[in-house]
Amino acid sequence: MRLFDPHIHMTSRTTDDYERMAAAGIAAVVEPAFWVGQPRTHVGTFEDYFLSLLGWERFRASQFGVQHFCALALNPKEANNPRVADGVLALLAEYLEKDGVVAVGEIGFDDQTDAEERYFAAQLRLAREHDLPVLIHTPHRDKKRGTERTLALLRRLEFPPALTLVDHNTEETLPLTLAAGCWAGHSIYPTTKLDEARMVALIRQYGAERILVNSAADWGVSDPLKVAKTVAAMRDAGIAADAIETIVWRNPVRFFAQSGRLDVADAPAPSRVDQRALFEGNSVLRGQPARVDPA
Ligand SMILES: [Zn+2]
């Protein structure tokens, strides 16, 4: 079974992670643009970040047999930084047109400030203009209220629920997200928040429809194999193979295919790797022998 991690920040991870992910069956990922751990001070650093998500990171993933797509946005946290917020929004119009961009994201609330709401709404409008789905972050603090505010804003702007993936759900927010008609993402973390066992319980209660699972792995304590580990937990719990495949492959494919830019191979095998390839003259090999899969 091929697996899809629909929310992972590979820029912050190593080639070892790509190798382990591919070996665990992860064939495709979506990398949303996010906060890099410290505030950016120039709009130009966002532009180079967007370019690396579209260029180098996509190439790096391909060198390990993983198909890489991205979502671009001004992240919720930096919506509060007036030095960059308007400039990043101005950049997005051009970048949302690029091949490989399958959503606007991650957007949403962090501290639930007025500035966050303003840029969240502006980016929902951008998504409509560019005919793209949205990937929405929900806050870790005061999550239920943040999710309610998110769903209220979506309703007020008449943003289509079918194009909305509300992420980082928990037992508290999942019923709200599903009742609104949105797709529901779940981030499985090593020690905090949601874990595999709680995810299995949610699937038992709510089924597989519009449910997605991701690792949200980044530069913090996180685990890029969490989608594969959740699959193992679902199997152990006796969840039907068809439901598992819906959650970890068909749902993310159906959701992001609404961008018109998600072209995943139909073949059950992982993508062919040719590490002789270069990106603007550079490879990931550092002098190691290239792996070349038979054609
Ligand atoms: Zn994220």
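Note that residues are indexed from 1 along each chain, following the sequence as it is written. It should be noted that, the model being predicted, local features are given only for residues of pLDDT at least 70 and side-chain atom pairs only at 80 or more, the latter also being counted only at that level, while totals for whole chains, interfaces and linings use all residues. Note that the side-chain values use all heavy atoms of the structure and ignore hydrogens as well as water.

### Description of the pairing of strand β4 (residues 101-108)
The test is simple: When a residue's accessible area, from a 1.4 Å probe over protein chains only, is under 20% of the maximum for its type it is buried; when over 50% it is exposed; and in between it is partly exposed. Only runs of H or I of at least four residues qualify as helices and only runs of E of at least two qualify as strands under DSSP, and these elements are numbered from the N terminus. Strands pair, by our definition, only if DSSP identifies at least two bridges between them. Looking down the strands as they point away from you, a crossover is right-handed if its path from the first strand over the helix to the second goes clockwise.
Counting buried residues in β4 gives 8 out of 8 residues, a clear majority hidden from the surface. With 3 bridges joining them, strand β3 (residues 67-72) and β4 adopt parallel strand pairing. Bridging across to β4, Ala71 finds its partner in Ala103. Relative to strand β5 (residues 134-137), β4 is paired through 4 bridges, and the arrangement is parallel. Residue pairing across strands places Gly105 opposite Leu135, the latter belonging to β5. In terms of handedness, the path from β4 via helix α5 (residues 114-129) over to β5 forms a crossover that is right-handed.

### Concerning the coordination of the zinc ion
Using the following cut-off: Atoms of type N, O and S within 2.8 Å of a metal are treated as its donors, and for Na, K and Ca the window is 3.2 Å; water is not considered, so some sites may appear to be missing partners.
Looking at the zinc ion, the protein donor atoms are His7 (NE2), His9 (NE2) and Glu106 (OE), and they sit 2.1 to 2.2 Å from it. Of note, the donors binding the zinc ion are all from one chain and are spaced H-x1-H-x96-E. Given the relative accessible area of 1%, His7 is considered buried. Assessed through its relative accessible area of 2%, His9 is described here as buried.

### A look at the side chain of His186
The line we're drawing: As used in this structure description, the phrase polar contact means that two N or O atoms lie within 3.5 Å; if the pair is within protein, one of them must be able to donate a hydrogen and the other to accept it, and residues adjacent in sequence are counted only when both atoms belong to side chains.
Along the polypeptide, His186 turns up in strand β7 (residues 183-187). Within the structure, His186 has its side chain in polar contact with the backbone oxygen of Ala184 (distance 3.4 Å).

### A word on unusual backbone geometry
Glycine aside, residues mostly have negative phi angles, and peptide bonds mostly take the trans form. Cis geometry is found at the peptide bond from Gly105 to Glu106, where omega equals -10°. Here Glu106 shows up in strand β4. Non-glycine residue Asp142 carries a positive phi angle of around 60°. For Asp142, the position within the fold is in the loop between β5 and α6 (143-156). Despite not being glycine, Ala216 has its phi angle at roughly 50°, a positive value. On the basis of relative accessibility, which here comes to 6%, the residue Ala216 falls in the buried class.

### Re the sheet that holds β5
Put simply, the rule is: In this analysis an axis means a line fitted to C-alpha atoms, helices contributing only their contacting stretch, and an angle means the value between N-to-C directions, from 0 to 180 degrees. Should any heavy atoms of two residues lie within 4.5 Å, those residues are counted as being in contact.
Pairing is parallel across the open sheet formed by 8 strands, whose spatial order is β1-β2-β3-β4-β5-β6-β7-β8. Edge positions in the sheet fall to β1 (3-5) and β8 (211-214), since each has one partner strand and no second. Averaged over all neighbouring strand pairs, the angle between strand axes comes to 25°, with direction disregarded. The pairing of strand β6 (residues 164-166) with β7 spans 2 bridges and is parallel. Within β7, the position partnered with Val166 by the bridge is Ala184. Across the sheet, helix α2 (residues 43-54) lies against β2 (26-32), β3 and β4, angled at about 155° from β3, the strand it touches most.

### Some details on the nonpolar core
The following threshold applies: Nonpolar core, defined: a set of buried Ala, Val, Leu, Ile, Met, Phe, Trp, Tyr and Cys residues in which side-chain atoms within 4.5 Å join the residues together.
Residues Phe50 and Leu72 are the most contacted members of the largest nonpolar core, which totals 40 residues. Counting only elements with at least two residues in this core, the list comes to α2, β3, α4 (85-95), β4, α5, β5 and α6. Listed in part, the 35 residues of the second largest apolar core include Leu3, Phe64, Ile239 and Ile247.

### Some remarks on the side chain of Gln123
Assignment of secondary structure puts Gln123 in helix α5. Sequence-distant contacts of Gln123, that is, excluding residues within four places in its chain, are made with Ala73, Leu74, Leu89, Leu92, Val104 and Ile107.

### Some points on the packing of aromatic side chains
Applicable threshold: Each Phe, Tyr or Trp ring, with Trp reduced to its six-membered ring, pairs with another whose centre is within 6.5 Å; inter-plane angles below 30 degrees give stacked pairs, above 60 give edge-to-face pairs, and intermediate values give tilted ones. The criterion for a charge sitting over a ring is simple: Lys NZ or Arg CZ within 6 Å of the ring centre, and within 35 degrees of the ring normal.
This structure, assessed with the given rule, holds 14 aromatic pairs. For the pair Tyr49 and Phe50, a centre-to-centre distance of 6.2 Å together with 40° between the ring planes defines the contact as tilted. Residue Tyr49 is classed as buried on the basis of its relative accessible area of 8%. Exposure remark for Phe50: the relative accessible area of 0% places this residue in the buried category. Considering the side-chain rings of Phe109 and Phe120, the 5.4 Å spacing of their centres and the 85° angle between planes classify their relative orientation as edge-to-face. Here Phe109, found in the loop between β4 and α5, pairs with Phe120, found in helix α5; they are 11 residues apart in sequence, far enough to count as distant. Phe109 sits in the buried class, given a relative accessible area of 0%. Over the aromatic face of Tyr49 sits the side chain of Arg40, whose NZ or CZ is 4.7 Å from the ring centroid. If you follow Arg128 out to its NZ or CZ, it ends over the ring of Phe159, 5.8 Å from the centre.

### Quick notes on the pattern of salt bridges
Rule in force here: Note on definitions: salt bridges are taken to be side-chain nitrogens of Lys or Arg within 4 Å of carboxyl oxygens of Asp or Glu.
For the structure shown, the criterion picks out 19 salt bridges. Of the charged contacts in the structure, one is a salt bridge between Arg60 and Glu57, with a shortest N-O distance of 3.0 Å. Taken as a pair, Arg60 and Glu57 lie in helix α3 (residues 56-62) at a separation of 3 residues, close to a single helical turn. Across the pair, exposure class does not vary: Arg60 and Glu57 are buried alike. Among the salt bridges present, the one from Glu196 reaches Lys226, with a minimum N-O distance of 2.9 Å.

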